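Secondary and tertiary structure notes
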Amino acid sequence: MHPPATRTTGHPDVLVIGGGIIGLVTAWRAAGRGLTVAVADPAPGGGAAYVAAGMLAAVTELHYGEQTLLGLNLASAGRYPRFIEELEEAGGQPTGYRRCGTLAVALDADDRAHLRELHTLQTRSGLDSQWLTGRECRRLEPMLAPGVRGGLRVDGDHQVDPRRLAHALLVACERAGVVFHRSRAERLTVDAGRATGAQLADGTRLSAGQTVLAAGSFSGRLAGVPEEVRPPVRPVKGQVLRLRLPDMPPGSPAFLSRTVRAVVRGGPLYLVPRESGELVVGATSEELGWDTTVTAGGVYELLRDAHELVPGITELPLVESCAGLRPGSPDNAPLLGPTELPGLHLATGHFRNGVLLTPVTGDVMAELLATGSLPDEARPFSPARFAAISEAARPRLLQEQPV
Ligand code: GLY
């Protein structure tokens, strides 16, 4: 088969490689700053967000060693209400943003000890989280298993519907004049030491003033990206189920009124009830490379654990199972900002927090693209932190090489 003939098209100020929510929000916000923007993606609005549950869980997903990331997560959570208002106005599309709060519960003594630790960390970090007895948890959510041993009520961890969010961003981008190239970026183009755009699979050669690599876990394997600026992202598989909630008679309590989470057998489990009637159950976390197979074992474990938490879920129709790839980074935090290659910026590696970090990512990337300066809040997440590590490690690694 002959390769497609090369066509050169336009010269936008910005080319965004990847049309998931991170690429779309970057494009939308950059267009809002008066820049001309193109997005390259065979299926914009898809990507990891198509699978994600959409928890905005800055507090309940806090981990030891991630305090710097917590600052960015909280900043983004705080921007959500205004962001949603602007986005829904710009695109005229609903996003399913729901200020419902989260309840994280413990099913046994080990889970309880784990939650106690988390509560200590949250309190020490100045976060709003309230310890509840098992009985208090069940009073809030009567469908919980009778054996629930206690929990954390976090009224500030909300949710959004990532599929609707992606669609709303897509429409807002179109209305803002963003041009979509529905083709895969095959290669970053570099001329005279500067990133100049991309070669697409359909033969289009897109040249742009600045290029943003926002292709999720695929960002680490785009051809043409020089080794020293290649983002260290890897795919982390998550399997997720979608069930249908029962129609409740008006005035009767909801099946679940908020997101419910637990750690079951050492793995996180969450149930996210949407106003649309969808109940999302997630998620596995698997280091299996590019595999997106939905497995019997994955579905079994999710249903088994969800049933332990909320026994009534076995009555609900199972309507969908799917798997996606979180873009994991070495420190679980995103890579935001310019690279050592002039003209190439990164917005990737958001791992478990892509949906949560969407508003702040759009803001900092647009500021960078419009002014050339990365806002202070994003500086700890600059790709340079990994370049610095590899520079420092290089002499030692070279010494350790067998001769
Ligand atoms: N933030 C939820 C997940 O990554 O599964």
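Parameters at a glance
- Residues numbered from 1 in each chain as written.
- Predicted model: local features only at pLDDT ≥ 70, side-chain atom pairs only at ≥ 80, totals over all residues.
- Heavy atoms only, no water.
- Helix = DSSP H or I, 4+ residues; strand = E, 2+ residues; numbered from the N terminus.
- Rg over C-alpha atoms; globule rule 2.2 N^0.38 Å.
- Buried < 20%, exposed > 50% of the residue type's maximum accessible area, 1.4 Å probe, protein only.
- Salt bridge = Lys/Arg side-chain N within 4 Å of Asp/Glu carboxyl O.
- Pairing = 2+ DSSP bridges.
- Right-handed = clockwise from strand over helix to strand, strands pointing away.
- Disulfide = S-S within 2.5 Å.
- pLDDT = per-residue confidence, 0-100.
- Contact = heavy atoms within 4.5 Å.
- Axes fitted to C-alpha atoms, helices over the stretch in contact; angles between N-to-C directions.
- UniProt positions renumbered as here; feature names shortened; annotations may be inferred.
- Expected span 1.5 Å × (residues − 1).
- Arc of directions from axis to C-beta.
- Polar contact = N/O pair within 3.5 Å; in protein donor to acceptor, adjacent residues only side chain to side chain.

1. Here's the deal with the overall build of the chain
From N to C terminus, the chain includes 8 helices and 20 strands. In terms of overall dimensions, the chain is globule-like: its C-alpha atoms have a radius of gyration of 22 Å, near the 22 Å expected for 403 residues. Taken over the C-alpha atoms alone, the chain extends approximately 65 × 55 × 45 Å along its principal axes. The proportion of buried residues among the 403 residues of the chain is 54%.

2. Let's talk about the pattern of salt bridges
All chains considered together, the criterion is met by 27 salt bridges. Glu-86 is paired through a salt bridge with Arg-29; the nearest N and O atoms lie 2.7 Å apart. Remark: Arg-29 occurs in helix 1 (residues 21-32) and Glu-86 occurs in helix 2 (residues 67-91); sequence separation between them is 57 residues. Given the relative accessible area of 15%, Arg-29 is considered buried. In this structure, the salt-bridge partner of Glu-66 is Arg-352, at a minimum N-O distance of 3.1 Å. Here the residue Glu-66 occupies a position in the loop between strand 4 (55-56) and helix 2, and Arg-352 occupies one in the loop between strand 20 (344-348) and helix 7 (358-371), the gap between them amounting to 286 residues.

3. Considerations on the pairing of strand 3 (residues 37-40)
Of the two faces of strand 3, the one holding Val-37 and Val-39 and the one holding Ala-38 and Ala-40 are both buried throughout. With 4 bridges joining them, strand 2 (residues 14-17) and strand 3 adopt parallel strand pairing. Bridged to Ile-17 within strand 3 is Ala-40. In this fold, the crossover linking strand 2 to strand 3 by way of helix 1 has right-handed handedness.

4. Structural notes on the state of the cysteines
Going through the model one piece at a time under the given rule, you end up with 0 disulfides. Free cysteine Cys-100: the closest other cysteine sulfur is in Cys-137, separated by 16 Å. Overall, Cys-100 belongs to the buried group, its relative accessible area being 13%. Looking at the unpaired Cys-322, the closest cysteine sulfur is the one in Cys-100, lying at 20 Å. A relative accessible area of 11% means that Cys-322 is categorised as buried.

5. Some points on the confidence of the model for the chain
Chain-level pLDDT for the chain is 93 on average; 94% of the residues reach the 70-or-more range. Counted against residues more than four places away or in other chains, residues 393-403, with its pLDDT under 50, gives 0 contacts.

6. Topic: the sheet that holds strand 20
Spatial strand order, 9-3-2-13-20-19: 6 strands in an open sheet with mixed pairing. In this open sheet, the two strands that pair with only one neighbour each are strand 9 (179-181) and strand 19 (335-338). The average angle at which neighbouring strand axes cross in this sheet is 20 degrees, direction not considered. Direction of pairing for strand 2 relative to strand 13 (residues 210-213): parallel, over a ladder of 4 bridges. Within strand 13, the position partnered with Val-16 by the bridge is Val-212.

7. Here's the deal with the UniProt feature "domain: FAD dependent oxidoreductase" (unreviewed entry) in the chain
As annotated by UniProt and renumbered to match this structure, "domain: FAD dependent oxidoreductase" (unreviewed entry) occupies residues 13-368. This span, residues 13-368, is 28% helix and 28% strand, and a straight line between its end C-alpha atoms measures 13 Å.

8. As for the sheet that holds strand 17 (residues 278-282)
Pairing between sheet strands relies on hydrogen bonds along the backbone, with the strands arranged either parallel or antiparallel. One open sheet accounts for 8 strands, arranged 6-7-5-15-16-17-14-18; its pairing is mixed. Two strands in the sheet have a free side with no partner beyond their single neighbour: strand 6 (130-133) and strand 18 (318-328). In this sheet, neighbouring strand axes are inclined to one another by 25 degrees on average, regardless of whether the strands run parallel or antiparallel. Two elements, strand 6 and strand 7 (residues 150-154), share 4 bridges in a ladder whose sense is antiparallel.

9. Quick word on the environment of Ser-183
Assignment of secondary structure puts Ser-183 in the loop between strand 9 and strand 10 (185-191). Given a relative accessible area of 5%, Ser-183 falls into the buried group. Separated by 140 residues in sequence, Ser-183 and Ala-43 place their C-alpha atoms 7.8 Å apart. If sequence neighbours within four positions are ignored, Ser-183 has contacts with Ala-40, Asp-41, Pro-42, Leu-200, Ala-201 and Asp-202.

10. Some remarks on unusual backbone geometry
One can expect most non-glycine residues to show negative phi and most peptide bonds to be in trans. With an omega of -15 degrees, the peptide bond running from Gly-282 to Ala-283 counts as cis. Checked against the element boundaries, Ala-283 lands in the loop between strand 17 and helix 6 (296-309). The residue Ala-192 is not glycine, and still its phi comes out positive at about 50 degrees. Structurally, the position occupied by Ala-192 is in the loop between strand 10 and strand 11 (194-200). Located in the positive-phi region is Phe-351, a residue other than glycine, with phi close to 50 degrees. Relative to the elements of secondary structure, Phe-351 occurs in the loop between strand 20 and helix 7. Among the residues examined, Phe-351 registers a relative accessible area of 10% and is labelled buried.

11. Re helix 3 (residues 109-124)
End to end, helix 3 covers 23 Å across 16 residues, agreeing with the expected 22 Å (1.5 Å per residue, within 8%). All buried positions along helix 3 are accounted for by Asp-111, Leu-115, Leu-118, His-119, Leu-121 and Gln-122. The buried residues of helix 3 all sit within an arc of 165 degrees when viewed along its axis, so they share a single face. Projecting away from the buried face of helix 3 at angles above 90 degrees are the exposed residues Asp-110 and Arg-124. Where the residues of helix 3 are buried, they touch helix 2, strand 5 (102-106), strand 6, strand 7 and strand 15 (259-264). The backbone nitrogen of Asp-110 has a side-chain oxygen 3.1 Å away, supplied by the residue at the start of helix 3, namely Asp-108. Looking one or two residues beyond helix 3, the residue adopting positive phi is Gly-126, at roughly 75 degrees.

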